Amino acid sequence: MLETRDLSVIIGGRVLLSGLSLVLGLGENWAILGANGTGKSSLLRLLAGIENPLKGQVLADGITTTAFSKKSLARQIGLLPQFEEDHYWGCVEEYVGLGRFSHSAGLWAKSHDDQIMTQRALENFEIKDLSNREYRSLSGGERQRARLASLMAQDPKLFLWDEPLENLDYSGQMKFLSWVCDLTRKNNRASMMVIHDINLLSRFFTHTLMIFADGSHLAGACSETLTLSNLEILYQTRFDQVMHDGARLFVPSV
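The shown structure was predicted, so the numbers you read here are calculated from the model rather than taken from an experiment.

1. Here's the deal with the sheet that holds strand S6 (residues 77-80)
Adjacent strands of a sheet pair through backbone hydrogen bonds, lying either parallel or antiparallel.
Reasoning step 1: The six strands are arranged S6-S7-S8-S3-S9-S10 in an open sheet whose pairing can be described as mixed. Each of the sheet's edge strands pairs with one partner strand only, and the pair in question is S6 and strand S10 (217-221). Strand-to-strand twist of the sheet, defined as the mean angle between neighbouring strand axes without regard to direction, takes the value 15 degrees.
Reasoning step 2: Each of strand S3 (29-33), strand S7 (158-162) and strand S8 (190-194) is contacted by helix H6 (residues 170-186), which is oriented at about 150 degrees to S8, the strand it contacts most.
Reasoning step 3: Docked against the sheet, helix H9 (residues 228-235) engages S3, strand S9 (207-211) and S10, running at close to 35 degrees with respect to S9.

So, in structure tokens, the structure goes:
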């Protein structure tokens, strides 16, 4: 579905990630791990086509993303950025409905399918009762659920999430990650997510992309990449490995 060929993340002349070549297929749920400043958010912007790569290529269904119109690319790839202006003046339902722009004839032209997808997203993230509230009046957690719902309404083939668990309580995190798992397995979609809680990976994710401080990377199935030695190199921190209910858990140690 998505392929990168010798892709590099270069910011201000500094190479944060070098020579990334991977294939992300439908049904896969990828986690991106790395310390702060290793280019995770910048990588997502390149994958989403918001920025063009200085080196390498990103392809969706075999076609370079630079060949797509913005609207057609948004039907292929959707991005939830880490930060977003919160000055949107409309109500929650209208905000979530903006996710349907790539499917609509115009900004305010809403088809029956658009209305169904918007209502389904509001219900899925449990904010239907907030439909008529001003978006800018929401709490941090409510606003985050509205942002997640808007990307759900967009319904791309590939969902890109930059730290989507921010401002969600534990219940909200588990519900969201369970929904992502069902989405990829049952609805022929793919997902790639920047996440910091390494102990969620074995339960919810199929693959991992680790970005190291020297610009190198490691990509593969979680069962192969999620090891004590890899994590200690990645975060420059010692970990203890413990087993719980058949799953490996990693606890930072001094």
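After that view of the structure, there is still more to cover.
2. Side note on helix H1 (residues 40-47)
An α-helical segment advances 3.6 residues per turn. Residues three or four places apart therefore align on the same side.
Reasoning step 1: The buried fraction of H1 is high, at six of eight residues.
Reasoning step 2: Residues of H1 that are buried: Lys40, Ser42, Leu43, Leu44, Leu46 and Leu47.
Reasoning step 3: Positioned one or two residues after H1, Gly49 has a phi angle of 80 degrees, which is positive.

3. Things to note about the pairing of S10
Reasoning step 1: For S9 and S10, the ladder comprises five bridges, and the chain directions are antiparallel. Along S10, the bridge assignment pairs Met210 with Leu218.
Reasoning step 2: Hairpin connection from S9 to S10: five residues lie between these consecutive antiparallel strands, with Gly215 at a positive phi of about 90 degrees.

4. Side note on the packing of helix H4 (residues 112-124) against helix H5 (residues 140-154)
Reasoning step 1: Following both chains from N to C, one finds H4 and H5 inclined at 145 degrees, their axes separated by 8 Å at the closest point. Note that H4 runs across H5; the crossing there is right-handed. Touching Met117, Thr118, Arg120, Ala121 and Asn124 of H4 are Ala149, Met152 and Ala153, all from H5.
Reasoning step 2: Residues that form the contact of H4 with H5 fall into these classes: five nonpolar, two polar and one charged.

5. Points about the sheet that holds strand S4 (residues 55-60)
Reasoning step 1: Ordered in space as S2-S1-S4-S5, the four strands form an open sheet in which the pairing is antiparallel. Both edges of this open sheet fall to strand S2 (14-24) and strand S5 (63-64), since each of them pairs with a single strand only.
Reasoning step 2: The pairing of strand S1 (residues 2-11) with S2 spans seven bridges and is classified as antiparallel. In the strand pairing of S2, Leu7 is matched with Leu20.
Reasoning step 3: Packed on one face of the sheet, H1 meets S1, S2 and S4 and runs near 130 degrees to S1.

6. Quick look at the layout of surface pockets
Reasoning step 1: When its volume is computed, the largest pocket comes out at roughly 590 Å³.
Reasoning step 2: The wall of the largest pocket is formed by 22 residues, among which Ala74, Leu79, Leu98, Leu151 and Gln154 lie closest to the centre.
Reasoning step 3: When contributions to the lining of the largest pocket are tallied by element, the ones reaching two or more residues are helix H2 (70-76), S6 and H5.
Reasoning step 4: Within this model, the second largest pocket holds a volume of roughly 220 Å³.
Reasoning step 5: Along the walls of the second largest pocket sit 14 residues, with Phe125, Glu126, Arg145, Gly172 and Lys175 positioned nearest its centre.

7. Topic: the environment of Ala190
Reasoning step 1: For Ala190, the position within the fold is in strand S8.
Reasoning step 2: Relative accessible area serves as the criterion here: at 0%, Ala190 is assigned to the buried category.
Reasoning step 3: As a C-alpha pair, Ala190 and Pro156 span 34 residues in sequence and 9.0 Å in three-dimensional space.
Reasoning step 4: Once residues lying within four places of it in the same chain are set aside, the contact partners of Ala190 are Leu24, Gly25, Leu26, Gly27, Glu28, Lys157, Leu158, Phe159 and Thr184.

About the thresholds
Residues numbered from 1 in each chain as written. Predicted model: local features only at pLDDT ≥ 70, side-chain atom pairs only at ≥ 80, totals over all residues. Heavy atoms only, no water. Pairing = 2+ DSSP bridges. Helix = DSSP H or I, 4+ residues; strand = E, 2+ residues; numbered from the N terminus. Axes fitted to C-alpha atoms, helices over the stretch in contact; angles between N-to-C directions. Contact = heavy atoms within 4.5 Å. Buried < 20%, exposed > 50% of the residue type's maximum accessible area, 1.4 Å probe, protein only. Left-handed = near helix turned anticlockwise from the far one by under 90°. Nonpolar A, V, L, I, M, F, W, Y, C, P; charged D, E, K, R; others polar. 1 Å grid on protein atoms, 1.4 Å probe; cavity = no way out; pocket = protein on both sides within 12 Å on 5 of 7 lines; lining within 4 Å. Points joined across faces, edges and corners; volume = space filled by probe spheres on them.

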